[in-house]
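Residue-level structure breakdown
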4 protein chains.
Amino acid sequence: MTDPINIAILGASGYTGADLVRLLLCHPLVAIKALSANSHAGKSMAEVYPHFRGYVLPELQKVEEISWDGIEVVFCALPHATTQQIVKDLPERLKIIDLSADFRLRDPATYATWYGHEHYAPELQPDAVYGLTEHYREAIKAARLVACPGCYPTATLLALLPLVQAGLIETDDLIIDAKSGVSGAGRGLKDSLLYCEVAEGMHPYAVAGHRHAPEIEQEIGAASGTEPIVNFTPHLVPMNRGELVTIYAKTTSTAEALRVALLARYRHEVFVRVLGSGEVPTTRHVRGSNFCDVNVFADRIPGRVIIIAAIDNLVKGSSGQAIQNMNLMFGLDETLALHQLPLFP
Amino acid sequence: MTDPINIAILGASGYTGADLVRLLLCHPLVAIKALSANSHAGKSMAEVYPHFRGYVLPELQKVEEISWDGIEVVFCALPHATTQQIVKDLPERLKIIDLSADFRLRDPATYATWYGHEHYAPELQPDAVYGLTEHYREAIKAARLVACPGCYPTATLLALLPLVQAGLIETDDLIIDAKSGVSGAGRGLKDSLLYCEVAEGMHPYAVAGHRHAPEIEQEIGAASGTEPIVNFTPHLVPMNRGELVTIYAKTTSTAEALRVALLARYRHEVFVRVLGSGEVPTTRHVRGSNFCDVNVFADRIPGRVIIIAAIDNLVKGSSGQAIQNMNLMFGLDETLALHQLPLFP
Amino acid sequence: MTDPINIAILGASGYTGADLVRLLLCHPLVAIKALSANSHAGKSMAEVYPHFRGYVLPELQKVEEISWDGIEVVFCALPHATTQQIVKDLPERLKIIDLSADFRLRDPATYATWYGHEHYAPELQPDAVYGLTEHYREAIKAARLVACPGCYPTATLLALLPLVQAGLIETDDLIIDAKSGVSGAGRGLKDSLLYCEVAEGMHPYAVAGHRHAPEIEQEIGAASGTEPIVNFTPHLVPMNRGELVTIYAKTTSTAEALRVALLARYRHEVFVRVLGSGEVPTTRHVRGSNFCDVNVFADRIPGRVIIIAAIDNLVKGSSGQAIQNMNLMFGLDETLALHQLPLFP
Amino acid sequence: MTDPINIAILGASGYTGADLVRLLLCHPLVAIKALSANSHAGKSMAEVYPHFRGYVLPELQKVEEISWDGIEVVFCALPHATTQQIVKDLPERLKIIDLSADFRLRDPATYATWYGHEHYAPELQPDAVYGLTEHYREAIKAARLVACPGCYPTATLLALLPLVQAGLIETDDLIIDAKSGVSGAGRGLKDSLLYCEVAEGMHPYAVAGHRHAPEIEQEIGAASGTEPIVNFTPHLVPMNRGELVTIYAKTTSTAEALRVALLARYRHEVFVRVLGSGEVPTTRHVRGSNFCDVNVFADRIPGRVIIIAAIDNLVKGSSGQAIQNMNLMFGLDETLALHQLPLFP
């Protein structure tokens, strides 16, 4: 057996960090060597997340205390903007898999507009590869720095990119109505994330102002050679995990032709399941897994179709896709640590 | 004090019937004289719905056993198609408030297309008034038969009709992404309504084929003089009550102008709350009440707006609106039995 | 019509305060004159709780800014210990209904043991009447200061007191396994109250150390002339509202005899529903209402019975009972503002 | 690599059957050769459970259509009583792992009392080994027929057996207050399992009459040489998975001594986690995994302790434990297919 790949996870005390740990503990070729969580430094992971009781894991420490000797790859699950500041001081030999939004937007001006400040590490941005695995596989294999997509863009782009590339849908009037479970908002202490504020209710948020919109536009634009402006309207749903996007698009083709195009594109992809005609993607059937389920439906409005995709926001939408990318970057079987089936019910 | 209005409720064992009972027990001028539930005939209401323990209510009986003497108004909360067959044999002096879909569609051909059979009481259809209270108030006052709108059309039309009537939005590309709690699907024994099939997940259903679409089209068409085809895509959300519609519409105006138009239209309506600029409608803040909260947001796509409305599907979307109509039909204060505030959390 | 009773609510921004407002807005003889919420002073109630949109309510202000002119009764829904400090400076003519734990424990030493500090207003303690309405009705009528019971003690004592008083159960081995919805823990920003930490899971908390234990012991002791030590083990359940206690007690009688004794005791009580033989209390059938449902079951262990009670923790367990007490203190019909039926589903 | 072990699963369309499939698809040494589901015969597993889309599985068929050639072990996840009738006609060389209650009770009279009919295969009962892995490991290794414990008995007995065997707790006054997620009740179409009847509420059921009581008594009796009668009171909790038992027991020892005794007993067990002093077992931290978390707490009632255990009812409480037993029966590493960590949130 080969030596394991030594890894570090920065920001291990968020839900994304915890799901990285959950999945990587089952990775046969990975050793978790360092875990950072500045506000919990000195604690064990099991103190912060009791579901890890009984597993051998390094103690949580501050980022600046990590010894990078022997570590080959670092997963950054840090708050936005923080990664930029930390990554630029890391040893150059380290591969970096970033789960934040810090390196997703290739245009610094767009970044500044949406995030409210100039980028802190613009010199690294050109090296960053957008980590939508099924669409940037070759670039990811060669990358030092992979910027994993946001959860909403992952579901949206897996559904749309093949159709845009084939010219099967128009890019000028895309309406993306998105619904997410609560873990997508993280573990921060906010009124709006309290159980009683979420359970038994639902609502839209960040209407026409969510930061995942420019990310979607960047990729749709790159695929089509246009500069689209999309509607992106997320909603909070009373569930822990799961994300569904319902996309309304213009086409001159048929829903079935689009479905077949997706099927052809993803025939050999393990983690994208193009459903049978009429079958409806649901979040509960991908829960806890790295799958993206997708399908296309005829709209009653002539010239329109409805495209629907479902993922687990913490897995395919975040930690799972990050691990899939790590597997690629190290020349491993892409599915290692990701075999787990959906947990239903 | 005047004599109470004697009423009967047909189909009292469904969630809609039960919510009629819940609200009407607090109506100061109503006496519940008969309750039908064919499959539960002979039981008390509290046996079927234990939350009614301690309340004095007539025993459940079969429809055909009801003595109509002294009854002035009947609420029909029966399965679709059943009302048509029962209503035509009722004494003519009875006022009828139908909560099913049986008399909502004015065009018999549209009815046959969407419901799969010819209408059984087409002779009554012309007398039916569409019971969207805030928009058919005068006709409802004079009606013998009121066809209460579906829950989705209620939220949708309250948000759209004033804008359509004022020519502020276009009717040819309306996209209505709707989300509902589970009680909207009724109390039938279906796999898909089991707790474990719904909790911790969400999914669209009846994509491009839901029967509330023609109802919305009928009213938008009547208000605009067009024959629109709308997109209507409902989703099931893991919550008991609540319905949210997120509507994407074309306009040549601004979101704020549309909001102000709604504000002007509903200024004197008790049950429609047009929110302040930027405030987001949520289902939890109308739960258990007869309110409809509505607002309009700018879209990033030029020439589009996002219109959002929230109701409790069993109250404003069904039983509450039915009672509001009854109050009108009998010349009462429209808010009687509907004063209850939202139950949050 | 008489002049309304002018009231103030201190701590209106907690869930308990909000439920007082919800219910009192429907009280025909009450006018809400002042609302305090120190951390939200200057805001409207609807900014803090959007379900109140459209209702006319005084602006939130700091306690010290309230003008007491004309106010006759104050509801204190403040954090523990705060009431003691505020109440002693209030005008003596004011009636006080306290929803905190500050005046529930008659013995100052017990208070100090469980709350970790000496009582700040011990001189007021002797005047406080324990506000378990059905059991202290006459004293409440005459009281200036009513200390409303905790939610768990309310359900527990309504079930146990008549049995203890009649000598039908023993007090030396009472095991009270309690389950509560999340609103019982308040609206504070704590990790443990986040949606993702609560949904799809359950757990006990404060095992053998919850502050409602001494309150239960005080009342059981007073009723029996003993000094019982009870087991009280609360659990957090993923639901907004509702509280269920499952009590295991020793008896020399039978479950049915105990049930009949409760039935006899509560025959004329509107808000306590002793269920029929074998019927199971559930929280969903009291949700949003002031009911307490209770029943007794045979245990398979000889000499034991199982006593079960269910309430809505925010209504009968808090704000509803407080209003019931206010009605008593002002000689009103005890049920005013409390007619609302359970909201199911 | 060795040949895989060929298996059949009877009753694959229930939640237990589906969880067997979920876990066994990740078993490196197992091949699923046959799946039965009489009411769904002819369908694919993915039609019944769409989360299995994309996995290669045999078509569902009727039990009587299964060809047993080459099959070495059969998992029976059938309704109670059915297993007895099917098992007696199976080839003798087949190993049988039964997840129903059919062979759990060693005394035929007790079976008849609790299940309402004489046992249909009493001749097989003596060969059945009770499949509580950590306590019957050697017998399981040698067994042909393993009767896997009920979910409640699994959690209860893992917590109690070591203490009973060591004489550390008394067996004559055990009170077991149990709480379960909804999947424990199966996928049958019953009113009481509908989303709207479960969500936002909780209640006890089968009070003093649940069939898991005699199973617990049998094992406690066997371990102690007594004939105990226990209190066992289950409650339904609005969550998909998870089971918690809160046990009130008499002891002459201390809670810490009991905790240490459990720690000593389970020191080398992978799947039983005895928590640190004061740490509370919760269902969310074992969700989806084969862990049982357990701890002991002092009671305020002198001479009593509180023992708490948490499992996932479908994994350690059913399918996971069954697979653990299969691993034992075939001389494999006991943890194969059970490495999956808890899914939180």
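Definitions and limits used
Residue positions within a chain follow its written sequence, with the count starting from 1. Going through the entries in the order they are written, you letter the chains from A and number the ligands from 1. pLDDT decides what is reported in this predicted model: residues at 70 or higher carry local features, side-chain atom pairs at 80 or more are listed and counted, and totals for whole chains, interfaces and linings draw on all residues regardless. Side-chain measures here rest on the full set of heavy atoms in the structure, leaving out hydrogens and waters. We place the copies in one frame by least squares, fitting the C-alpha atoms of every residue whose pLDDT is at least 70 in both. Contacts are assigned to residue pairs that have any heavy atoms within 4.5 Å of one another. Under the pairing criterion, centres of Phe, Tyr and Trp rings, with the six-membered ring standing for Trp, must be within 6.5 Å; the plane angle then separates stacked pairs below 30 degrees from edge-to-face pairs above 60, leaving the rest tilted. Put simply, DSSP H or I for four residues or longer makes a helix, DSSP E for two residues or longer makes a strand, and each gets a number counted from the N terminus. With a 1.4 Å probe rolled over the protein chains alone, any residue whose accessible area is under 20% of its type maximum counts as buried; one over 50% counts as exposed, and the rest are partly exposed. Consider the ring centre and the ring normal. A charge sits over the ring if Lys NZ or Arg CZ is within 6 Å of that centre and within 35 degrees of that normal. Annotation comment: domain bounds sourced from an automatic or database domain assignment. In this description, buried area is defined as the sum, over both parts, of the accessible area (probe of 1.4 Å) that is lost when the two are combined. Polar contact criterion, stated in full: a pair of N or O atoms within 3.5 Å, where within protein one must be able to donate a hydrogen and the other to accept it, and residues adjacent in sequence count only if both atoms are side-chain atoms.

**Section: the relation of the copies chain C and chain B**
- Laying chain C over chain B is done by rotating through 180° and shifting 0.0 Å along the axis; what remains is an RMSD of 0.0 Å. What the superposition gives is, in effect, a two-fold axis relating one chain to the other.
- Most of the interface of chain C is mirrored in chain B: 100% of its interface residues are interface residues there too.

**Topic: the packing of aromatic side chains**
- Going through the model one piece at a time under the given rule, you end up with 38 aromatic pairs over all chains.
- Centre to centre, the rings of Y15 of chain A and F344 of chain D are 6.3 Å apart; their planes meet at 75°, and the pair counts as edge-to-face. Placement of the pair is Y15 of chain A in helix α1 (residues 15-24) and F344 of chain D in the segment after α10 (315-329), with the two residues belonging to separate chains.
- For Y15 of chain A, a relative accessible area of 3% gives the class buried.
- The class for F344 of chain D is buried, based on a relative accessible area of 1%.
- Following the ring pairs from residue to residue traces out a cluster consisting of Y15, Y49 and F52 of chain A together with F344 of chain D.
- Taking the ring centre of F330 of chain B as reference, the NZ or CZ of K95 of chain B above it sits at 5.7 Å.

**Some words on the domain arrangement of chain A**
All names here are of chain A.
- By the assigned domains, chain A splits into domain 1 (5-149 + 316-329) and domain 2 (152-312).
- Taking only C-alpha atoms, the centre of domain 1 and the centre of domain 2 are 24 Å apart.
- With 26 residues of domain 1 in contact, the opposing surface of domain 2 contributes 33 residues.
- Both sides of the domain 1 and domain 2 interface together cover about 2,400 Å² of buried area, and 50% of this is carbon and sulfur.
- It is W114, H135 and K316 that lose the most area in domain 1 upon contact with domain 2, and together they represent 29% of the buried surface on that side.
- Between the two partners, domain 1 and domain 2, sit 18 residue pairs in polar contact (both at pLDDT 80 or more).
- Elements with a contribution of two residues or more to the side of domain 1 that touches domain 2: α1, α4 (108-115), α5 (133-142) and α10 (315-329).

**Observations regarding the side chain of T335 of chain C**
- As for its placement among the helices and strands, T335 of chain C is situated in the segment after α10 (315-329).
- In contact with T335 of chain C, not counting residues within four places along its chain, are V270, F271 and N327 of chain C.

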